Amino acid sequence: MAEGASPVDRCDVLTIERPDPCALVLFGATGDLTRRKLMPALYSLAVQKLLPDRFAIVAFARQDTDDAGFRAEIQNALRTHAPSLPLAGEQWDGFAKRLHYLRSDLDDPRGYAALKALLEGLDRKEDLRGNRLFYLATPPNYFGDIAQRLGSSGLVCPDGPGHCWSRLVVEKPFGYDLKSARALNATIREAFHEDQVYRIDHYLGKETVQNILVMRFANRLFELLWSHLYIDSVQITVAETLGMEGRGAYFDKSGILRDVIQNHALQLLTLTAMEPPVSLRADAVRDEKVKVLRSLRAFDPAAIALDVVRGQYVAGDIDGKPVQAYSEEEGVSADTHTETFAALRFWVDNWRWAGVPFYVRAGKRLPTHLTEIVLQLKEVPDVLYARMECMDMHPNRLVIRVQPHEAVEIWMSAKRPGQAMRVQPVRMHFDYAESFGKAIPSAYEHLLLNAMVGDTSLFARHDEVETAWELVDPVLRAWHADSRPPDPYFAGAWGPAPEHCLPCDNSRRWWNPDEVEAD
Ligand code: BG6
């Protein structure tokens, strides 16, 4: 939350659960995620007084430093990544003294023994009751090993009423394909049971993503439209202007399908398509999401090209500045076939969505930074205005803008003022910043707080992750077997050339914001 401590009112107090005393153990604590996201979120929670009074953060990492060095490093990082929070005085001092540093290799048993001793000491000193949140922000190849070492070192305490609790937060990527995701789930299960595991998809922590359910299930208005009866098609776009930013070596092994679509975009799809859950309990919500994933039609490996577009950017312009081709980025192999853009047509084969295509696309180096869900409504019967000349008729659209400029928009037709009968599209607009006038908390604030209070609803369950892999695996395999390179697109364009456009059939097209404005 940019401006730090905005006041918490009575109803906030009733609905924000205060976590138990606990220690947060951060593996990979000297990495980029800790500096850019986790520490700003934790400190923002501290400033808002949402952390428990009795609380400690233990950083577990290889770097040669100590408590004082780590505190200084974090203070520095916060200057860059949370400049609006107070970085001196009582609030900072109170937070800094809760930061502890333990130097160890991630696979050194002595490190885990030292961690146990440190945590037991903190339990005695700060009365943390043995409650532990283990956060894995390390490279993914360590996830399973750390989970096992925590188990075998006696650091996991059984959950249950009256007991201390232990929880494991696992960053993405969770697996590389179905097989590795299953294997990781099985390894983790040897030390933690499912209710103790919090798989991160940071999109679930975004305020606007959480609002999808409120919008759908706290308003009569939208739910009436929400089915094949009125919706023609759904589009989900996760567009970024950024290229590799030093992550080329990671991304080249991953690609946009694994990096963004298997997780973030499919989460947006399930929240858009799911049935009302029987309650807001975590498993009730997750049951419905898994049902959507299971209803998604499997891709036919022999006809992947009909439903999937694969692209890779070549040199182009972003915001008027020239940028290099993907294959020239640092860490990327020169003959790479990794996709930096993908678009897929999904079919949700259930009663509600029969016949409604869900188009999903994500890409790097696209013209604008935008995450959006667009529900295109069916056209009105072709009788009155659509038959007249000079009418600029478009289907109604409901747009959920996840980021940036978080908003919900309805595009509809209106009469242009004047003596002539002219129809043109206009926009009704709900803007978060304008309506609430307060900064939106970061996704990681929501996620960390939810993990501390033991609410798994914003985290992916094992079957959710596995079913999502099951869907994308055949596409990955088909691409792997295909010796042709991905279709090129210029950096700064909306993906490969129009002949590769998926929704360009009948009355459908991608609703790109720049083109929409020009309507
Ligand atoms: C991450 C991906 O999970 O999500 C990145 O690894 C991507 O490649 C990022 O840039 C997008 O997240 P956000 O919150 O910036 O939309």
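The preceding data block contains the structure.
The structure contained in this document is the topic of the report that follows.

Looking at the nonpolar core
- Among the nonpolar cores identified, the biggest contains 149 residues, and Phe27, Leu150 and Leu269 are the most heavily contacted of them.
- It is helix α11 (residues 256-273) that provides the largest number of residues to this core, a total of ten residues.
- In contact with Leu269, not counting residues within four places along its chain, are Ile236, Val292, Leu296, Phe346, Val348, Phe358 and Val360.

Focus: helix α2 (residues 32-47)
- Relative to the 22 Å expected for 16 residues at 1.5 Å per residue, α2 spans 22 Å between its end C-alpha atoms, a close match to the ideal helical length.
- A maximum bend of about 40° is found in α2 at Leu38, where proline Pro40 lies one to four positions downstream.
- Taken residue by residue, α2 has Leu33, Thr34, Leu38, Met39, Pro40, Ala41, Leu42, Tyr43, Ser44, Leu45 and Val47 as its buried positions.
- At the exit of α2 stands Lys49, carrying a positive phi of roughly 60°.

Overview of the side chain of His100
- Tracing the backbone shows His100 in strand β3 (residues 99-103).
- Among all residues touching His100, those that are not within four sequence positions of it are Ala56, Ile57, Val58, Ala59, Asp67, Phe70, Arg71 and Leu122.

Focus on helix α4 (residues 89-96)
- Residues of α4 that are buried: Trp92, Phe95 and Ala96. Buried residues of α4, viewed axially, fall in a sector of 100°; they line one side.
- Considering only its buried residues, α4 is in contact with α2, β2 (55-61), α3 (67-81) and β3.

A word on the packing of α2 against α3
- At a minimum axis distance of 9 Å, the contact between α2 and α3 shows a crossing angle of 95°. The orientation of α2 relative to α3 falls into the category roughly perpendicular. Contacts between α2 and α3 involve Arg35, Arg36, Met39, Pro40 and Tyr43 from the first element and Phe70, Glu73, Ile74, Ala77, Leu78 and His81 from the second.

Some words on unusual backbone geometry
- Residue Lys172 is joined to Pro173 through a cis peptide bond whose omega torsion reads 0°.
- Across the junction of Gln403 and Pro404, the peptide omega takes the value -20°, indicating a cis bond.
- For Asp127, which is not glycine, the phi torsion reads 55° and is therefore positive.
- Within the secondary structure layout, Asp127 lies in the loop between α5 (109-126) and β4 (132-136).
- Even without being glycine, Arg365 reaches a positive phi, approximately 55°.
- Relative to the elements of secondary structure, Arg365 occurs in the loop between β12 (357-363) and β13 (370-377).
- The class of Arg365 is buried, set by a relative accessible area of 12%.

Section: the site of the ligand
- Around the ligand, the structure places Lys172, His202, Tyr203, Lys206, Glu240, Arg247, Asp259, His264, Lys364 and Gln403.
- Between Glu240 and the ligand, the recorded distance is 2.5 Å, taken from a side-chain N or O atom to an oxygen atom.
- In this structure, His264 approaches the ligand through a side-chain N or O atom, which is 2.7 Å from an oxygen atom.
- Protein chains shield 79% of the accessible area of the ligand, which is 400 Å² for the free molecule.
- Here the shell around the ligand is built from residues that sort into one nonpolar, three polar and six charged.

Looking at the sheet that holds β2
- Taken together, six strands build an open sheet; the order of strands is β3-β2-β1-β4-β5-β6 and the sheet is parallel. With partners counted over all chains shown, the strands left at the sheet margins are β3 and β6 (197-199), one partner each. Between one strand axis and the next, the sheet turns through 20° on average, direction left out of account.
- Across five bridges, β4 lies against strand β5 (residues 166-170) in parallel orientation. Looking at the pairing, Leu133 lines up with Arg167 of β5.

Some thoughts on the state of the cysteines
- Within this structure, the stated rule accounts for one disulfide.
- Two residues, Cys157 and Cys164, share a disulfide whose sulfurs are 2.1 Å apart.
- Note on Cys164: relative accessible area 23%, which makes it partly exposed.
- Cysteine Cys22 remains unbridged, with the sulfur of Cys164 as its closest cysteine sulfur at 12 Å.
- Judged by relative accessible area, which is 0%, Cys22 ranks as buried.

Each value, and the rule that gives it
Residues numbered from 1 in each chain as written. Predicted model: local features only at pLDDT ≥ 70, side-chain atom pairs only at ≥ 80, totals over all residues. Heavy atoms only, no water. Core = buried A, V, L, I, M, F, W, Y, C linked by side-chain atoms within 4.5 Å. Buried < 20%, exposed > 50% of the residue type's maximum accessible area, 1.4 Å probe, protein only. Helix = DSSP H or I, 4+ residues; strand = E, 2+ residues; numbered from the N terminus. Contact = heavy atoms within 4.5 Å. Expected span 1.5 Å × (residues − 1). Bend = angle between axes of the 7 residues up to and from the residue. Arc of directions from axis to C-beta. Axes fitted to C-alpha atoms, helices over the stretch in contact; angles between N-to-C directions. Parallel < 35°, antiparallel > 145°, perpendicular 65-115°, else oblique. Near = heavy atom within 4 Å. Polar contact = N/O pair within 3.5 Å; in protein donor to acceptor, adjacent residues only side chain to side chain. Areas by Shrake-Rupley, 256 points an atom, 1.4 Å probe, with all protein chains shown as cover. Nonpolar A, V, L, I, M, F, W, Y, C, P; charged D, E, K, R; others polar. Pairing = 2+ DSSP bridges. Disulfide = S-S within 2.5 Å.

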